[in-house]
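# Chains, contacts and geometry: an overview
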2 protein chains.
Amino acid sequence: MNANTIVVRREVNEKQKIDADELRQTFAERGTLVVNLVSSPGAGKTALLEATAKAMGDRLRMAVLVGDLETDRDAQRLQPLMPTVQLTTGGACHLELPLVRRGLAALGDQPVDILFIENVGNLVCPASFDLAEHVRVVLVSTTEGDDKPGKYPKIIRTSHAMVVSKTDLLPHVPFSVDSVIADAERIQPELTFHKVSAIDGTGVEEWCRFLTEKHRALTVDVREVECS
Amino acid sequence: MNANTIVVRREVNEKQKIDADELRQTFAERGTLVVNLVSSPGAGKTALLEATAKAMGDRLRMAVLVGDLETDRDAQRLQPLMPTVQLTTGGACHLELPLVRRGLAALGDQPVDILFIENVGNLVCPASFDLAEHVRVVLVSTTEGDDKPGKYPKIIRTSHAMVVSKTDLLPHVPFSVDSVIADAERIQPELTFHKVSAIDGTGVEEWCRFLTEKHRALTVDVREVECS
């Protein structure tokens, strides 16, 4: 990689950051909290969204853009619960902003309080792509092992919250919730932690309150900006 | 991407393929079977290697190159069981051949019957990189959900064998072994399947026999080539 390549890459990155910041601000002005869910394959992003939709009821209006390499399996699960758009990357290992914009166009103008973006299942590459989210949430399931934060530090460092998922399986797996939290806090001290089982409902109400509070703070922040 | 870019990329890909084929042949001539283990984070690659080392005893001499973004946690677990070299990618989402070559240099000239390469935990990107392996093995754990093959088809299509790992958790998770096998066979009909629990030992002996047979076939093939 020569000096010219590095300069071009920096310019591309800066352009992407500006684009994401502008879109993030637009979402905030509309009162839409954007939540980017990232995790390993099968950590339970779709199951968490199913449980969230059922528990949230009509408190907030939700919608989801679902990223996958192939198939619309996750979208089929979520379609009955909230407005859903499948984003198929055609093999790419993460979502990027242009594909998110196409998803937004497909969603149309319906009012949305929380827009979830369910990223491709991958604990590495999605860490490097800003999708204009206000909150990045990384799921780590109890079945993956409590050593994952240190092994995948960038996705932990760039997240705002961590969901420890599949807590119903804790009696059956060698996993310490305290260890995984300590490992993650060492990398990102500002993370909030949410212990959730989408199967037995543990922690789902607390997680919904977290989302509701984030949505409330977003709209308060925007009003404060408008008043100043 | 313009036409020149495409031509350059094709040449790079062809060069990588030739390099990998040459190294694969060198391994075969030395009687070393190379097994590239790929999976999501936490599907149990390291646990499978621990169980394999204990079950295999002194039947075959094994060594491992362990790929991770950061930390040497997996290498620390395997070091007591077989010669182990940690390959740290510094954030990159997969292993590539030049890093494998550096690992080989660190291993030195000791005779090895099976060289495992434990790839970075990622069900997407490692699919695209030939590490000179003779056998690519994809692990899908019972806790990830039985819908994963269709959602991550390239890694299934490029694999020779699939280990369904963590079978001890089958009573506790919504997972059908028949469904995951049917989904994978639709993508890659030549896969072999191995149901394994590194915790309770289920299937470990069958998996060791599979490796032993692959090693035997490799050395027979090489002898046949030499005689012709």
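The preceding data block contains the structure.
What counts as what
Residues numbered from 1 in each chain as written. Chains lettered and ligands numbered in written order. Predicted model: local features only at pLDDT ≥ 70, side-chain atom pairs only at ≥ 80, totals over all residues. Heavy atoms only, no water. Contact = heavy atoms within 4.5 Å. Buried area = accessible area lost by both parts, 1.4 Å probe. Salt bridge = Lys/Arg side-chain N within 4 Å of Asp/Glu carboxyl O. Polar contact = N/O pair within 3.5 Å; in protein donor to acceptor, adjacent residues only side chain to side chain. Helix = DSSP H or I, 4+ residues; strand = E, 2+ residues; numbered from the N terminus. Nonpolar A, V, L, I, M, F, W, Y, C, P; charged D, E, K, R; others polar. Phe/Tyr/Trp six-rings, centres within 6.5 Å; stacked < 30°, edge-to-face > 60°. Buried < 20%, exposed > 50% of the residue type's maximum accessible area, 1.4 Å probe, protein only. Pairing = 2+ DSSP bridges.

## Looking at the interface of chain A and chain B
If you look at the interface, chain A gives 32 residues, while chain B gives 32 residues. Summed over both sides, the interface of chain A with chain B buries roughly 2500 Å², with 58% coming from carbon and sulfur. Viewed at the interface, chain B and chain A are joined by six salt bridges. Across the salt bridge formed by K151(B) and D68(A), the nearest N and O atoms sit 3.6 Å from each other. Across the contact surface, chain A and chain B share 12 residue pairs in polar contact (both at pLDDT 80 or more). At the level of secondary structure, the elements contributing two or more residues to the side of chain A that touches chain B comprise α3 (73-78), α5 (148-151) and α7 (177-187) of chain A. Classifying every residue of the side of chain A that touches chain B by side-chain character gives 11 nonpolar, nine polar and 12 charged.

## Topic: the packing of aromatic side chains
Residue and element names in this part refer to chain A. Applying the stated rule across the entire model yields two aromatic pairs over all chains. A centroid spacing of 5.8 Å and a plane angle of 25° characterise the contact between W207 and F210, whose relative ring orientation is stacked. Of the two residues, W207 and F210 are both situated in helix α8 (residues 204-227); the distance of three residues between them amounts to about one turn of the helix. For W207, a relative accessible area of 0% gives the class buried. On the accessibility criterion, F210 (10% relative accessible area) is buried.

## Describing the pairing of strand β5 (residues 135-141) of chain A
Here is the key point about a regular strand: its side chains alternate between the two faces of the sheet. Residue and element names in this part refer to chain A. Across the seven residues of β5, seven count as buried, placing the element largely inside the fold. Alignment of strand β1 (residues 33-39) against β5, held across five bridges, turns out to be parallel. Residue pairing for β5: L37 is matched across the bridge by V137. In the sheet, β5 pairs with strand β6 (residues 161-165) via five bridges, with the strands oriented parallel.

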